[in-house]
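Chains, contacts and geometry: an overview
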Amino acid sequence: MDQPTTVSAGDRSRIDDIWGERTPFARGGRWPDRADLMLQDGLTENDVDNWVRSACVLCSNGCGCDIAVKDGRMVGIRGRVDDPINHGRLGPKGLYASWEGMRGRDRLTHPLIRRDGELVAATWDEAMSAIVDRSRALLDEVGPLSHGFYTSGQLFLEEYYALAVIGKAGIGTPHMDGNTRLCTATAASSLKETFGADGQPGCYEDIDECDAMFLWGHNLAATQTVTWARVLDRLAGPNPPRLVVVDPRRTATAEKAEVHLALRPGTNLALLLALERELIENGWIDEQYVAAQTVGLDELTGQVAEWTPERAAEVCGVPADDIRRAARIFAESPRVLSTVLQGFYQAPQATASSCQVNNLHLLRGMIGRPGAGILQMNGQPTAQNNRECGADGDLPGFRNWENQEHVNQLAELWGVDPLVIPHWAPPTHAMQLFRYVEQGSIPFLWVSATNPAVSLPQLPRIREILAKPDLFLVVQDLYLTETAELADVVLPAAGWGEKTGTFTNATRTVHLSEKAVEPPGEARADLDIFLDYAKRMDFRRNDGAPLLEWEGPEDAYRAWQECSRGRPCDYTGISYDDLRRESGIRWPRREGETGSVTRLYADGDFPSHPDYCESFGHDLLTGATVGEEAFRALRPDGRAILKSAPYSGPHEPPDDEYPLQLTTGRSPYHFHTRTKTGRSPELVDAAPHVWVELSEVDAASRGIDEGDLVEVVSRRGRLVAPVRIGKARTGTVFAPFHYGYWDAPPGAEERHPTAANELTATEWDPVSKQPVFKSAAVQVRRLEGAEDAS
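Since the structure is predicted, the reported quantities are computational estimates derived from the model, not experimental observations. (Residues numbered from 1 in each chain as written. Predicted model: local features only at pLDDT ≥ 70, side-chain atom pairs only at ≥ 80, totals over all residues. Heavy atoms only, no water.)

Our focus in this paragraph is the pairing of strand S14 (residues 336-340). Most of S14 sits inside the fold, with five of its five residues counted as buried. Here S14 shows a buried face lined by Val336, Ser338 and Val340 and a second buried face lined by Leu337 and Thr339. Note that strand S10 (residues 212-216) and S14 share five bridges and pair parallel. Bridged to Met213 within S14 is Leu337. Bridging between S14 and strand S15 (residues 373-376) involves four bridges; their strand directions are parallel. Looking at the pairing, Ser338 lines up with Ile374 of S15. (Buried < 20%, exposed > 50% of the residue type's maximum accessible area, 1.4 Å probe, protein only. Helix = DSSP H or I, 4+ residues; strand = E, 2+ residues; numbered from the N terminus. Pairing = 2+ DSSP bridges.)

Glancing now at the sheet that holds strand S11 (residues 242-246). With parallel pairing, five strands are arranged side by side in an open sheet as S12-S11-S10-S14-S15. One side of each edge strand has no neighbouring strand; the edge strands of this open sheet are strand S12 (259-261) and S15. With strand direction ignored, the average angle separating the axes of adjacent strands in the sheet is 10°. (Axes fitted to C-alpha atoms, helices over the stretch in contact; angles between N-to-C directions.)

Further remarks concern helix H22 (residues 526-537). Note: α-helices contain 3.6 residues per turn, so residues at a spacing of three or four share the same orientation. Helix length check: H22, at 12 residues, gives a terminal C-alpha distance of 17 Å against a target of 16 Å (1.5 Å per residue), a fit within 8%. Counting buried positions over the 12 residues of H22 gives nine, a clear majority of the element. Within H22, the full set of buried residues consists of Asp526, Leu527, Ile529, Phe530, Leu531, Asp532, Tyr533, Ala534 and Met537. Two residues or fewer past H22, Asp538 is found with a positive phi of approximately 60°. (Expected span 1.5 Å × (residues − 1).)

Once that is clear, we can look at the state of the cysteines. Within this structure, the stated rule accounts for zero disulfides. Of all cysteine sulfurs, the one in Cys613 lies closest to Cys355, which takes part in no disulfide; the gap is 14 Å. Overall, the relative accessible area of 0% leaves Cys355 in the buried class. With no disulfide of its own, Cys563 has Cys389 as its nearest cysteine by sulfur position, at a separation of 7.6 Å. (Disulfide = S-S within 2.5 Å.)

In structure tokens, the structure reads:
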């Protein structure tokens, strides 16, 4: 191993070069190690008192790392070279904000209660008593449908599972979801629809083995910087993979592509239908694999028949020959890896489009082999755990809410009557949950580790909902976020490095994050808060025992292992001791096993058996459930399902009044709503404020120059920001969504709005229910004055 690449806080070298130095390697080789190290200014490794095992939680990568501790404080971080995810590397968010983001002087250190309109300090007993009193009263007066829970993609597995048991078996409410609905719901839905259950088929090692990579709406260079470094190292080595990128912007990712399909926002499905037609029409499919391992080819062939490259080119705004080139690369490459993210998930017909990526791989038999795989990626570090544990509304352990036997399994495990567990209708998704709050049928809302006052669409509406006088709002977080400022009770939570727990990244890889330091003041671990609530509410099993008889995270984890037994996400062979010994372990690993499954479905056996599957599926156009009878009639029985839908296009196409299309996205320097990255001076300096991007044509036609201050207006709100010119395709406006108002003067949301979600629409995919952030009609005009947009 080379000497660690040491960077001190305040050093801009990893700001200016966010992917670090190249370590080229050839296909089939091992990605070389590169140990990244960041320490507080003035410290060396010899000054560190101890290093504590963890993994980074500032994107969905889950890079193995160690936390540097000195005098009881976190003072730095280093990547672990024995970790399969990062081989020692860390990205700019991990290097700077992981530990700096925990040390903000404005951390919440004691509970707050709203009295006479103001949030004032309170004791834990006062805060929890207020929550429990209101909760009990509503359960007595209204029943379990009065309670809603909206959580995160950033808690630990143990915390999600505790919350799921509380909500489903203690209270019995279907109103549970997380902000994973905003970033990763379509990943789960597309996997369920095609394969029968959630779970990523591929792994990052497929980058090392592939001959071609297709990035579908995935700006990998910004969203997972360490994984992009892996791609860059393959591109810099012998026999590099061919790269095809689908993105309306000329991003750093797209600049490396052999074929860049800069399509119009909202037209993903049209492009995919044309690519599938090319494979079928040209005989570029693995007929033997398709016949043996899939159902639905005849229906798919009929669906794509009209989608010639010329027709798709007209709809998508890309050359027909480029569509043919992309199809030929997919057809001619022996091993193809696809990754999919928000450009598909947050766009119209999200699940239908993502399922077509699955279809392409099935048509070519490109699944379960080294270099031939699919990564329906996650946007947040622990989104996978939310989906597994059921805090997002699904049933824990990838169980099927339409399968009574699956409900009975949970009822027996939890010791409650099956009728307590909500399964009479689909779970309440986030957008519907907030609609129920708006209508008044959910008067109790508990928000943990997320900031919907910035992250949800159509923010003027969301602020009004959260500020409703008849809503009892509990917010549990690290800082006084825009959402917390509206709460009735605020609970100070412990964060990364201040508590122990496990989490699973986008490739099913589980890490253990150990407690390194004490949380500030009176802040408590989220698990401790949930267990305290359950105890005070006196939730009990049918035999009279406490519903959650756990003392800490390892108890919760063991309970989760039992819940996962026999399911696709089986954790029974992964213990805390295993995770302390091995740096990252993939599920499934069953009890008694010592090895994990690297790639799912290598044997061609899919979890689509009707008695085992997580979902009976949906109509991809309407979202209507297929139902058990129709699903059994399809006879999937362990085969994958080739599903499609007619193209319908954007919900809000441009018109004369709003002639441009807005698409939102991410900066490599910030995460979510900057709750942590906004406390890192280096990352703030790198990306201090919001900006918008326009094409040269659109800027020139409006008399706009680089750095000018512009106003972007939709039917719902406005955004004011300096402009950058050149990377967006003509007709498209881009804005990063990170910038809210916690660090702005009061009233900024009215005078100088900076949150991109002021503009976005309350629309969602019919299957995954993921909001459509990538397609909204807007107008742009130059304001007097200018601002540096660098």
